[in-house]
Structure formats: C-alpha cells, structure tokens
Amino acid sequence: MIGAAFGSVLAGAQRGDETAFVRLFRDVQPALLRYLRVITSDAEDVAGDTWASVVPGLRGFRGDEEAFRAWLFTIARHRAADAGRSRNRRPAIPVDPNETVLTEAAGQPAAPDTAEVALESIATRRALALVAGLPPDQAEIIMLRVVAGLDPGDVGRIVGKSPGAVRVTAHRALRRLAEMAQRAGVTQ
Amino acid sequence: MRPPDATPNEMPGIPFPGRPGGEHDEPLLDMLFGVRVLPPDAPPEMHDLARALAALAGPADPSELAGEAAALAAFTRYASPAGLSPRSPAPGPARHRRPAGRRTVRRARLATALLGAAAMIVSIAAAYTGALPEPIQQVAHLTINAPPPAVSHPAPKQREHDQSSPAARPGSQPAPPAQPAVSASGAAAGSTTGSAPTMPGSTGHLACGPGPWQPQSLPPVLRSALPKVTCPPSATPTPTAKATAKPSPTPSPSKSALATAKATPGWSG
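Treat the numbers as computed from the prediction; the structure is a model and nothing was measured. (Residues numbered from 1 in each chain as written. Chains lettered and ligands numbered in written order. Predicted model: local features only at pLDDT ≥ 70, side-chain atom pairs only at ≥ 80, totals over all residues. Heavy atoms only, no water.)

## Overview of the overall build of chain B
Each helix and strand counted, chain B has 8 helices and 2 strands in total. In chain B, the succession of α and β elements from N to C terminus is α-α-α-α-α-β-α-β-α-α. Going through the 269 residues of chain B one by one, you find that 35% of them count as buried. Taking as baseline every contact in chain B between residues at least 6 positions apart, the subset at least 24 positions apart corresponds to 59%. About 15,500 Å² of surface is accessible on chain B, with carbon and sulfur atoms providing 63% of the total. (Helix = DSSP H or I, 4+ residues; strand = E, 2+ residues; numbered from the N terminus. Buried < 20%, exposed > 50% of the residue type's maximum accessible area, 1.4 Å probe, protein only. Contact = heavy atoms within 4.5 Å. Areas by Shrake-Rupley, 256 points an atom, 1.4 Å probe, with all protein chains shown as cover.)

The following block contains the structure:
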C-alpha cells in the first residue's frame, strides 16, 4: 500500500498526472488481479474493465487509501458479475502446488534477485492455488482481507455480509488453509 | 444447538470453545490478517499459514502489470480537457456510472423539444404574415390576434400582386397592369385612398372582374378587414375577384385605375 503519500498521489492522479496514476495502478493492480483470479476465470479482462470504470470516476473520488481500495474492489466484483463469470465457473489458476523454481531444478545458477523474484512468484502462485481450493465465499473473503487489505466492515459491504459473519468465515477459511498448507508444504 | 448438547467429537466440523483449534486460536488468526509476526510458541501450522498469506500478498510479478499500458491509455483519454471533469460520476464505492442510454434518451428529448419550439415559432411567424391556410389562419386570428385569413376562391385565373411588389409601396412607380382586371391591395388602397384599414402583415387583395362573388358574401369580420374597392365601368370584373396571401409577380394597378375603380358604383365593400 502507498501509505502516507496516498493523498498526494491521488490528488496528482485527479489532476491528470500520469505518473501518479501509474503509481496507483502499480500499487493496486497485483492485488486486484490476484483477487480476480480467485473469483473469475478471465481475470485480465475483468481487471481492464475495472480500470476502465475507475478512471472516469477518479476525480470525483473522496476518501483514504482503504476507501479507495474498497471502491475499486467493489467495482471489480461488479464487473466480474456483469461478465457472468464469477458464479458459474471456478477460476483456473495454472499452478502446480508442487511447482519448484526451474532454475534450481535444472541446476542452473540464477542471479540472486532473479531467483528471489521467481521464488516469490512461485510462492504467490502456490498460495493462490491453495486459496482457490477453498469454498468460493471463503476464498473471496480471504483475498479481500489479506490481499486487498480491507477490514471486515468493508469486506462485508462488498460481499453482502455483516462484519461478524465476515470474521467467522475468515477464521474458518484460515483454519482450513492451515491444514491445506501443512499438507502441501506450500512454503517449503 | 448449543455446545453442551454435543461434544466436539460428535460434530467435528463446528468449532467449539473447548475444542483445539477453536476460538482459542482466534487471536492468532486475527494476527495473520495483519501479516504480523506470530509468537514463537504458535503452532507450526500457523507459521506455515503465515508464510502462505505473506506469499499471497507478495510483491508484484512483472506479468501482473501487463495491463498498465491499456489502463494508462484510458487514463490519458479521460485526463484530456474533455475527460476528467468535476462532474464525473462515482464519487464513492456505492456509486455507479449512469448508463449511456439514459444520456441518449435525454438528448433525444431535448432535440425533440427544440424542434417543437422551432416549429411553433415558425408557425406563429407564418400566422402573422398571413401565410397559413385559410382555416388555420382563421384560428390564429381568433386566438393570437393574427391577421384574418385572406379570402380565396377555387381555380383562380389571375393573381394580383402583393405588398412586396415595388408598385405597392408608396412613392414607387407602378408598372402597367398585365391583366385587364383591376386589383387593389390593402396597402395600395390605403396609400391611395387612406380609407381602407389594413392589418399588420395583411396581404389581402381584391380584384374586380366577372363572377358571382361580392364582398358582401364575406362574414362581417372578414369584410371589415378588406379594403373598399370599386371597379371601373370598363373593367370587367374577374370571375375570381379574390384576396390572396400569396406573393404574385403581377404588377399593381396604376393610380388612375384605382381611381376609376373607386368611381364605379355597385362596389360598396
């Protein structure tokens, strides 16, 4: 998240500053894409639709960073629902839970930063695959809480549940994830 | 069902307070959402879970930013002077953009209203210039005080000039009449005799000639609006002595012809 500088970045984007907008985009887009990959099978297109809807209303937005994220993820959820993809088809996350870093498997040394990035990317994809194995409502709430960084109130407004129900569902999902992670050895 | 009614072993899918992994781990689970460091004595599966969640919110992969160009293009489009406007919608999470169809309907309604207003203005202008068909002109006369309709007869064979003709204007030199009929417009009559009232914009004419029509056959309202014209003895009344609202290239009568017409008995108007 951008943090304390969010206000100035948002103001810059609202004035039409492309650099500020790019900073907003790069901050939110990975979380947006990961969230959409859990709830839809066509995450890239829906993400594009989401930004196409966010841009026209950017100048009129008022709020802090969390409100901005809540607004953006609300739009994303609506766009996914509009496309009719979020309900009938489960997302397709092309991740093998046993996937390892190819360079290590081939015994080829890689630059430390490249290897680190690759490891992180693989770990992210394997974690996404784990979450995608949860029931849809649990998976969505985990993504909104963990990836989007929203509090139970905002998540409840997005998914149509009370904050208490969100909290209970999230805890249940985490317990299940813990069991799945232990079995799959995700982080090893 | 309350917890005392069943043991955790009987309902393993439901977390009870006394069950391992039940509500006792909730503080730990809440800590996971903040991606905070778990205490060292936390169960190993919780540490695994914490690492998985940290990976879930890990740094961006370059492939995840592939849509940046498209988003930036959309932003640039809207950031142009015609784009990001203060009136742009969606000021908050609960607001959505207004469908484009509504704007189209609004524009169509506005265009229809403008067209209607323009048609009304044109109609009123036509009414005051006496260019409307007779029944409509009569209605306009009664409702908005437009000039009365000009009296016309079917199959007119001759047309007389109107006020737009140079001869109709005072002081101008009239051209010799091209027809044997004698006509007098309201304006011309007014300019020569000073007795015939003319309505603003009136273009009615009277022509002398053979035929059954006489001004007395008009309703009093219309008759009072017509100029008093008398036909000269030599001038044979046209069968279609009429008043018309249409402009005509026919030249106006000369002053002498009008004087002769006034001297003719039988035209009382």
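## A few points about the overall build of chain A
Scanning chain A from terminus to terminus reveals 9 helices and 0 strands. Element order for chain A, N to C, with α for helix and β for strand: α-α-α-α-α-α-α-α-α. Relative to its 188 residues, chain A shows a buried fraction of 53%. Accessible area for chain A stands at about 8,100 Å²; split by element, carbon and sulfur atoms hold 50% of it.

## Structural notes on the interface of chain B and chain A
Contacts between the two partners involve 45 residues from chain B, matched on the other side by 51 residues from chain A. Buried surface at the junction of chain B and chain A, both sides included, amounts to about 4,300 Å², of which 65% is carbon and sulfur. The interface formed by chain B and chain A contains 4 salt bridges. Here B:Glu64 ties to A:Arg34 by a salt bridge, and the two come within 2.9 Å at their closest N and O atoms. Applying the counting rule to chain B against chain A returns 9 residue pairs in polar contact (both at pLDDT 80 or more). Breaking the side of chain B that touches chain A down by element, the ones donating at least two residues are α1 (26–33), α2 (44–56) and α3 (68–79) of chain B. In terms of residue class, the side of chain B that touches chain A is made up of 25 nonpolar, 9 polar and 11 charged. (Buried area = accessible area lost by both parts, 1.4 Å probe. Salt bridge = Lys/Arg side-chain N within 4 Å of Asp/Glu carboxyl O. Polar contact = N/O pair within 3.5 Å; in protein donor to acceptor, adjacent residues only side chain to side chain. Nonpolar A, V, L, I, M, F, W, Y, C, P; charged D, E, K, R; others polar.)

## Some points on the confidence of the model for chain A
The predicted coordinates of low-pLDDT regions are not to be read in fine detail. Residue and element names in this part refer to chain A. With 81% of its residues at a pLDDT of 70 or more, chain A has an overall mean of 84. Of all helices and strands in chain A, the one with the weakest mean pLDDT is helix α5 (residues 102–105) (38), whereas helix α8 (residues 152–159) scores best (95). For the stretch residues 100–110, pLDDT sits under 50, and the model shows 8 contacts to residues farther than four places along the chain or on other chains. (pLDDT = per-residue confidence, 0-100.)

## Here's the deal with the pattern of salt bridges
When the charged atoms of two side chains with opposite charge come close together, those side chains can pair. Applying the stated rule across the entire model yields 11 salt bridges over all chains. Ionic pairing is found between A:Arg26 and B:Glu68, a salt bridge with its closest N-O pair at 2.8 Å. Placement of A:Arg26 in helix α2 (residues 18–39) and of B:Glu68 in helix α3 is noted, with the two residues assigned to different chains. Judged by relative accessible area, A:Arg26 falls into the partly exposed class, the value being 46%. When salt bridges with common partners are traced through the structure, they connect A:Arg34, A:Arg37, A:Glu44 and B:Glu64 into a single cluster.

## A short note on α2(A)
Residue and element names in this part refer to chain A. Counted at 1.5 Å a residue, the expected span for α2 with its 22 residues is 32 Å, and the 30 Å between its end C-alpha atoms agrees. At Val28, α2 shows its largest bend, some 35°, and a proline, Pro30, comes one to four positions later. A large share of α2 lies buried, amounting to 17 of its 22 residues. The backbone nitrogen of Thr19 lies 3.0 Å from a side-chain oxygen of the residue at the head of α2, namely Asp17. (Expected span 1.5 Å × (residues − 1). Bend = angle between axes of the 7 residues up to and from the residue.)

## Re unusual backbone geometry
Although it is not a glycine, B:Asn145 adopts a positive phi angle of roughly 60°. As for its position among the elements, B:Asn145 is in the loop between α5 (134–144) and β1 (182–185).

## Concerning the packing of helix α1 (residues 6–14) of chain A against α2(A)
For any two helices packed against each other, one specifies the inter-axial angle together with the distance between the axes. Residue and element names in this part refer to chain A. Closest axis-to-axis distance for the α1/α2 pair is 7 Å, and the angle between their directions is 125°. The pairing of α1 with α2 is recorded here as oblique in orientation. With respect to the hand of their crossing, α1 and α2 are arranged in left-handed fashion. Contact residues: α1 offers Phe6, Val9, Leu10, Gly12 and Ala13, while α2 offers Ala20, Phe21, Arg23 and Leu24. Here the residues of the contact of α1 with α2 sort into 7 nonpolar, 1 polar and 1 charged. (Axes fitted to C-alpha atoms, helices over the stretch in contact; angles between N-to-C directions. Parallel < 35°, antiparallel > 145°, perpendicular 65-115°, else oblique. Left-handed = near helix turned anticlockwise from the far one by under 90°.)

## With respect to the nonpolar core
In summary, soluble globular proteins display a tendency toward joint burial of nonpolar side chains. Among the nonpolar cores identified, the biggest contains 72 residues, and A:Leu36, A:Phe73, A:Ile142, A:Leu177 and B:Leu56 are the most heavily contacted of them. The dominant element in this core, judged by the number of residues it contributes, is α2(A), at 12 residues. Look past the residues within four positions of B:Leu56 in its chain and what remains in contact with it is A:Arg34, A:Thr124, A:Ala127, A:Leu128, A:Val131, A:Ile142, A:Met143, A:Val146 and A:Val147. (Core = buried A, V, L, I, M, F, W, Y, C linked by side-chain atoms within 4.5 Å.)

## Focus on the environment of A:Gly164
In this structure, A:Gly164 sits in helix α9 (residues 163–184). Along the chain, A:Gly164 and A:Gly153 lie 11 residues apart, while their C-alpha atoms are 8.6 Å from each other.

## A few points about a nonpolar patch on the surface
Residues and elements named next belong to chain B. A contiguous nonpolar patch, built from Met120, Ile124, Tyr128 and Ile144 and spanning about 360 Å² of accessible area, is present on the exposed surface. Counting residues per element, the nonpolar patch draws most heavily on helix α4 (residues 100–128), at 3 residues. If you trace the backbone, Ile124 turns up in helix α4. (Patch = residues over 30% accessible without salt bridge, like charges linked within 9 Å, V, L, I, M, F, W, Y side chains within 5 Å.)

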